[in-house]
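Examining the three-dimensional arrangement
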Amino acid sequence: MMKRALLIIDMSNDFVHDQGGLSAKEPAQQIVPFIVNKANEYRANGDLVVICMDAHQPNDPHFHRWPVHNVVGTWGQELYGELQNWFESHKEDPFVHYVGKSNYNAFHETNLHQILREAGVQEVAATGVCTDICDFLTLAGADAYGFDTAVYLEGVATFTSNQEESLQHMTLCFHTKIL
């Protein structure tokens, strides 16, 4: 059986909560139960779950393009709602990892590919926000490292109108399976 990893991308208060600094709001809030269920399913099957989270410093140049969000150690960077509860109850699990990232692509200058390789992962499946930015570029990173890619349609959201085009582009560019 293929070893898989579920990537939960940027499901922070700043990206999901109504008061978040750069929030997709209701579309992101609606996918939380699905993501929690998938995380439980992956763990029950012996697969990895990786929380991939924006981690910015207060003076990050990133904030010249975007509103301030996911500053390390703030409420905004914490996982949103039920996901925070799930992580708290699983953070000692050796198959659950947290990867802070300073780039849209969770593979850029992180140890994500090493975590996945050491666990024998062959396929990564994306959930979280935003479909057309961090989800898309993280799957580009996964593809570049030779992983098979998938995305859960019920597990992604964005604050733009580019959802469908991004999913189509994933299948075209990275042969991503839409699940």
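Above: the structure in question.
The following refers to the structure shown. If you're wondering where the values come from, they're calculated on a predicted model, not measured in any experiment.

Our next topic: the overall build of the protein. Looking only at helices and strands, one finds seven helices and six strands in the protein. Along the protein, helices and strands appear, N-terminal first, in the series β-α-α-α-β-α-β-α-β-α-β-α-β. Over its C-alpha atoms the protein spans a radius of gyration of 15 Å, differing by no more than 12% from the 16 Å that the globule rule assigns to 179 residues. Along the longest, intermediate and shortest principal axes, the C-alpha atoms of the protein span 40 × 35 × 30 Å. Counting contacts in the protein only where the partners sit at least 6 residues apart, residues at least 24 apart contribute 75% of the total. In the form shown here, the protein has an accessible surface area of approximately 8,100 Å², with 50% of it arising from carbon and sulfur atoms. In the protein, 10 side chains carry a positive charge and 23 a negative one; their mean positions are 5 Å apart.

Under the counting rule described, the total for this entry stands at seven aromatic pairs. When the centroid spacing of 6.1 Å and the interplanar angle of 70° are considered together, the rings of W66 and F159 count as edge-to-face. Taken together, the residues span a long stretch of sequence, with W66 in the loop between strand 2 (48–54) and helix 4 (81–90) and F159 in the loop between strand 5 (148–157) and helix 7 (163–174) at a distance of 93 residues. Take W66: its relative accessible area is 23%, and that puts it in the partly exposed class. Pairwise contacts between aromatic rings join F34, Y42 and Y152 into one cluster. Taking the ring centre of Y42 as reference, the NZ or CZ of R4 above it sits at 4.0 Å. Its guanidinium or amino end placed over the ring of F147, R117 lies 4.3 Å from that ring's centre, counting from NZ or CZ.

With that settled, the discussion passes to the state of the cysteines. For the structure shown, the criterion picks out zero disulfides. Cysteine C130 shares no disulfide, and the gap to the nearest cysteine sulfur, in C134, comes to 6.9 Å. Cysteine C173 is unpaired, with the sulfur of C134 as its nearest cysteine sulfur at 17 Å. Judged by its relative accessible area of 33%, C173 is partly exposed.

What follows covers the side chain of K101. Note that K101 resides in strand 3 (residues 96–101). Exposure remark for K101: the relative accessible area of 1% places this residue in the buried category. Polar contacts involving the side chain of K101 include one to the side chain of D54, which spans 2.7 Å. A polar contact of 3.2 Å, which involves the side chain of K101, links it to the backbone oxygen of N103.

Each value, and the rule that gives it
Residues numbered from 1 in each chain as written. Predicted model: local features only at pLDDT ≥ 70, side-chain atom pairs only at ≥ 80, totals over all residues. Heavy atoms only, no water. Helix = DSSP H or I, 4+ residues; strand = E, 2+ residues; numbered from the N terminus. Rg over C-alpha atoms; globule rule 2.2 N^0.38 Å. Contact = heavy atoms within 4.5 Å. Areas by Shrake-Rupley, 256 points an atom, 1.4 Å probe, with all protein chains shown as cover. Lys, Arg positive; Asp, Glu negative; His and termini not counted. Charge placed at Lys NZ, Arg CZ, Asp CG, Glu CD. Phe/Tyr/Trp six-rings, centres within 6.5 Å; stacked < 30°, edge-to-face > 60°. Buried < 20%, exposed > 50% of the residue type's maximum accessible area, 1.4 Å probe, protein only. Lys NZ or Arg CZ within 6 Å of the ring centre and 35° of its normal. Disulfide = S-S within 2.5 Å. Polar contact = N/O pair within 3.5 Å; in protein donor to acceptor, adjacent residues only side chain to side chain.

Geometric values such as these leave the question of function open.
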